[in-house]
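# Structural features, examined
Listed here are the chains, written in short residue letters.
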Amino acid sequence: MELIIRNVTNQPIYDQIYSQIKSQIIAGQLRPGEALPSIRSLAKDLKISVITTMRAYDELEAQGLIDTVAGKGCFVAEKNLDLIREQQLRELESHLSAAAGLARSCGLSRRELEEMLVVLLEEE
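These figures come from a predicted structure and were not determined experimentally.

### Points about helix 2 (residues 39-46)
All of the buried residues along helix 2 are Leu42, Ala43 and Leu46. What you see down the axis of helix 2 is that its buried residues fit within an arc of 100°, all on one side. Structural note: helix 2 exposes Arg40, Lys44 and Asp45 on the side pointing more than 90 degrees away from its buried face. Packing partners of the buried residues in helix 2 comprise helix 1 (13-26) and helix 3 (50-62).

### Looking at the pairing of strand 1 (residues 66-69)
Moving residue by residue along a regular strand, the side chains alternate between the two faces of the sheet. Two strands pair when backbone bridges link them, and strand 1 and strand 2 (residues 73-76) are joined in this way by four bridges, in the antiparallel orientation. Note on strand 2: the bridge partner recorded for Asp67 is Phe75. A loop of three residues connects strand 1 with strand 2, the two strands running antiparallel in sequence, and Gly71 in this loop sits at a positive phi of about 80°.

### Describing a nonpolar patch on the surface
The grouping of Leu89, Leu92 and Leu96 at the surface amounts to a nonpolar patch, some 250 Å² of accessible area in total. Looking at the element boundaries, Leu92 is found in helix 4 (residues 81-106).

### A look at the side chain of Thr53
Tracing the sequence through the fold places Thr53 in helix 3. If sequence neighbours within four positions are ignored, Thr53 has contacts with Ile39, Leu42, Ala43 and Ile48.

### A few points about the nonpolar core
Judged by nonpolar contacts, the single largest core of 21 residues is most densely connected at Ile17, Ile21, Ile25, Leu36, Tyr57, Leu60 and Ile66. Contributing elements (two or more residues each) for this core: helix 1, helix 2, helix 3 and strand 2. It is helix 1 that provides the largest number of residues to this core, a total of six residues.

Cut-off values and rules
- Residues numbered from 1 in each chain as written.
- Predicted model: local features only at pLDDT ≥ 70, side-chain atom pairs only at ≥ 80, totals over all residues.
- Heavy atoms only, no water.
- Buried < 20%, exposed > 50% of the residue type's maximum accessible area, 1.4 Å probe, protein only.
- Helix = DSSP H or I, 4+ residues; strand = E, 2+ residues; numbered from the N terminus.
- Arc of directions from axis to C-beta.
- Contact = heavy atoms within 4.5 Å.
- Pairing = 2+ DSSP bridges.
- Patch = residues over 30% accessible without salt bridge, like charges linked within 9 Å, V, L, I, M, F, W, Y side chains within 5 Å.
- Areas by Shrake-Rupley, 256 points an atom, 1.4 Å probe, with all protein chains shown as cover.
- Salt bridge = Lys/Arg side-chain N within 4 Å of Asp/Glu carboxyl O.
- Core = buried A, V, L, I, M, F, W, Y, C linked by side-chain atoms within 4.5 Å.

Coordinates in, geometry out; function isn't part of it.
This is how it looks when you write it as structure tokens:
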């Protein structure tokens, strides 16, 4: 599992970990039943606090993405990934709707908005 922590962003470190692991689970890079690194091991590898790592894992567990088994560790949950993807698509639709409204209020054409989206997608 590869995680990249950026200190130049306003996104908290625990949220960066949470978001990246969530993305890997949804993309199928981390499969149901697969063990995650221990909290201490991940904290050591990333050179961050155990508390920060624990918070990220707690968020993942609260969302039903991972399960914690006492004495054994944390594992990717056997959750319906289609449901998670559907939730993300609804959130994306909401953001795009807000962006479209803002674009209209700025007088942006459809073509200009599409070009802006293409540029943003290529930045990653």
